[in-house]
Amino acid sequence: SAVISQKPSRDICQRGTSLTIQCQVDSQVTMMFWYRQQPGQSLTLIATANQGSEATYESGFVIDKFPISRPNLTFSTLTVSNMSPEDSSIYLCSVRTGYNSPLHFGNGTRLTVT
Amino acid sequence: EDKVVQSPLSLVVHEGDTVTLNCSYEVTNFRSLLWYKQEKKAPTFLFMLTSSGIEKKSGRLSSILDKKELFSILNITATQTGDSAVYLCAVEINNDMRFGAGTRLTVKP
């Protein structure tokens, strides 16, 4: 399976600031996704990162708050903008190497907003 | 509305015990069911199930899917403290994954 490197591993940020999370994959993948896991909750899909075009956002998530870049098939970034304490979560990059393959996750970013 | 329900939400056992974790689902356009183990942040893949009645096994872990009754179980035999984690069930619907709330397993020495 693909090796997925995500950074930063964790960060503590001030309210109102923004944080950009990077995801690097060791091979080209078609499908790349960003998930959020709020404390005590399960995983929720934020968006599908599309190479060369705008990301596809799930209901409840908007581009102004969570801008996503995907310049090529091995790299993506997620920015959490104008943060509030409610954004404190684990953010996970994930990939699928094919339609019949499982989802694999990066090591995650634990974000705390004070 | 698509639903994935895991039970129990939490479980405490002692080393050597056998545990069974449950995942039931009500979804449209089912494609597959997946199990993950989440110890810290990143869920790690355990099993992917697409066909009913075929057991998948990896060491002390095994899983099976029942597409008629719409559930899956994950069995762990001879549990060890290293099995302590949150176990997540996910159902693939078209190209989307819907995750359950997870079962938090604690294995005491």
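Sequence positions are assigned chain by chain, starting from 1 and proceeding in written order. Chains carry letters from A onward and ligands carry numbers from 1 onward, assigned in written order. For this predicted model, a pLDDT threshold of at least 70 governs which residues receive local features, and a threshold of 80 or more governs which side-chain atom pairs are given and counted, while totals over whole chains, interfaces and linings are taken from all residues. To obtain the side-chain values, all non-hydrogen atoms of the structure were included, while hydrogens and water were left out.

K.L.:
I would appreciate a short explanation of the overall build of chain A in the present structure.
P.N.:
Secondary structure is summarised from DSSP: a helix means a run of H or I of at least four residues, a strand means a run of E of at least two, and numbering begins at the N terminus for each. Across its full length, chain A carries zero helices and 11 strands. Taken from the N to the C terminus, the helices and strands of chain A come in the order β-β-β-β-β-β-β-β-β-β-β. The size measure is the radius of gyration over C-alpha atoms, and the globule rule it meets is 2.2 Å times the number of residues to the 0.38 power. Relative to a compact globule of 114 residues, whose C-alpha radius of gyration would be 13 Å, chain A shows 13 Å and is just as compact. Seen through its C-alpha atoms, chain A measures out along the principal axes to roughly 40 × 25 × 20 Å. Note on classification: 1.4 Å probe, protein chains only; a residue is buried when its accessible area is under 20% of the maximum for its type, exposed when over 50%, partly exposed between these limits. Burial analysis of chain A (114 residues in total) assigns 53% to the buried set. In what follows, residue pairs with any heavy atoms lying within 4.5 Å of each other are defined as contacts. In chain A, of all internal contacts separated by at least 6 residues, the share reaching a separation of at least 24 is 54%. Surface accessibility of chain A: about 5,400 Å² in total, with carbon and sulfur atoms responsible for 47%. Put simply, chain A has 8 plus and 7 minus side-chain charges, and the middle of one group is 7 Å from the middle of the other. For the accessible areas, the method is Shrake-Rupley and the probe is 1.4 Å, while residue cover comes only from the protein chains on display. We score Asp and Glu as negative and Lys and Arg as positive, and we do not count His or the chain ends. The atom standing in for a charge is NZ when the residue is Lys, CZ when it is Arg, CG when it is Asp and CD when it is Glu.

K.L.:
Could you clarify how one ought to interpret empty space enclosed by the protein in this entry?
P.N.:
Think of a ball as big as a water molecule: rolled over the atoms, this probe shows where empty space is left. Here a cavity denotes a set of grid points, spaced 1 Å apart and computed over the protein atoms alone, in which a 1.4 Å probe fits but from which it cannot get out, and a pocket denotes an open set meeting protein on both sides within 12 Å along at least five of seven lines; residues with an atom within 4 Å of a point are reported as lining. Grid points are joined across faces, edges and corners, and a volume is the space filled by probe spheres set on the points. Scanning the model with the defined rule gives one cavity of 30 Å³ or more in all. There is about 30 Å³ of room inside the largest cavity. Residue lining of the largest cavity: Phe33, Tyr35, Leu45, Arg96 and Leu103 of chain A together with Asn95, Asp96 and Met97 of chain B, and that is the complete set. Elements with a minimum of two residues in the lining of the largest cavity: β4 (31-37) of chain A together with β10 (96-99) of chain B. The nonpolar class holds Ala, Val, Leu, Ile, Met, Phe, Trp, Tyr, Cys and Pro. Asp, Glu, Lys and Arg form the charged class, and all remaining residues, Gly among them, are polar. Among the residues making up the lining of the largest cavity, the classes are represented as five nonpolar, one polar and two charged.

K.L.:
Where do I start with the sheet that holds strand β7 (residues 68-72) of chain A in this structure?
P.N.:
To summarise the sheet geometry, strands pair through backbone hydrogen bonds and adopt either a parallel or an antiparallel arrangement. All names here are of chain A. Taking strand neighbours across the sheet as the criterion, the four strands line up as β1-β3-β8-β7 in an open arrangement whose pairing is antiparallel. For this open sheet the edge positions go to β1 (4-7) and β7, each flanked by a neighbour on one side alone. Averaged over all adjacent pairs, the angle separating strand axes in this sheet is 15 degrees, with direction ignored. Think of it this way: DSSP has to see at least two bridges between two strands before they count as a pair. By the bridge criterion, six bridges tie strand β3 (residues 19-25) to strand β8 (residues 75-80) in an arrangement that is antiparallel. By the bridge assignment for β8, Cys23 is matched with Ser76. Axis definition: a line fitted to C-alpha atoms, over the contacting stretch in the case of helices. Angles run 0 to 180 degrees between N-to-C directions.

K.L.:
It is not clear to me how the nonpolar core should be interpreted in this structure. Could you clarify?
P.N.:
Across soluble globular proteins, you tend to see nonpolar side chains buried next to one another. Residues and elements named next belong to chain A. Think of a nonpolar core as a cluster: buried Ala, Val, Leu, Ile, Met, Phe, Trp, Tyr and Cys residues, connected wherever their side-chain atoms sit within 4.5 Å. Within the largest apolar cluster, 26 residues are counted, with the highest numbers of intra-cluster contacts made by Trp34, Ile46, Phe66, Ile68, Leu78, Tyr91 and Leu111. For this core, the secondary structure elements donating two or more residues are β3, β4, β5 (43-49), β8, β9 (89-96) and β11 (109-113). Discounting residues that sit within four places of it in the chain, Tyr91 has contacts with Gln6, Ile21, Tyr35, Arg36, Ile46, Phe66, Leu78, Val80, Gly108, Thr109 and Leu111.

K.L.:
How should I be thinking about the packing of aromatic side chains in this particular structure?
P.N.:
Think of a pair of aromatic rings as described by two things: how far the centres are apart, and how the planes are tilted against each other in angle. Between the rings of Phe, Tyr and Trp (Trp by its six-membered ring), a pair exists once the centres lie within 6.5 Å; its type follows the angle of the planes, with under 30 degrees stacked, over 60 edge-to-face, and the other angles tilted. This model, assessed by the stated rule, comprises eight aromatic pairs over all chains. Relative to Tyr36 of chain B, the ring of Phe105 of chain A has its centre 5.6 Å away and its plane inclined at 80 degrees; by these criteria the two rings are edge-to-face. Residue Phe105 of chain A is located in strand β10 (residues 104-105), and its partner Tyr36 of chain B is located in strand β4 (residues 30-38); the two belong to separate chains. Comparing Phe105 of chain A with Tyr36 of chain B, the two get one shared label, buried. An aromatic cluster is built from Tyr35 and Phe105 of chain A together with Tyr36, Phe45 and Phe99 of chain B, whose rings are joined through pairwise contacts.

K.L.:
Any chance you could explain the pairing of β11 of chain A here in plain terms?
P.N.:
The side chains of a regular strand alternate between the sheet's two faces. All names here are of chain A. Of the two faces of β11, the one lined by Thr109, Leu111 and Val113 is fully buried and the one lined by Arg110 and Thr112 carries no buried residue. Note: strand β2 (residues 10-13) against β11, four bridges, orientation parallel. Bridging from a neighbouring strand, Cys13 pairs with Val113 of β11. Summarising the sheet, β9 and β11 pair through three bridges and their orientation is antiparallel. In the strand pairing of β11, Ser89 is matched with Leu111.

K.L.:
Where do I start with the sheet that holds strand β7 (residues 61-66) of chain B in this structure?
P.N.:
All names here are of chain B. The sheet built from five strands is open, its strands ordered β1-β3-β8-β7-β6 with antiparallel pairing. Each of the sheet's edge strands pairs with one partner strand only, and the pair in question is β1 (3-7) and β6 (56-58). The mean inter-strand angle of the sheet, taken between neighbouring strand axes irrespective of direction, is 15 degrees. Alignment of β7 against strand β8 (residues 71-76), held across six bridges, turns out to be antiparallel. If you follow Ser63 over to β8, its bridge partner there is Leu74.

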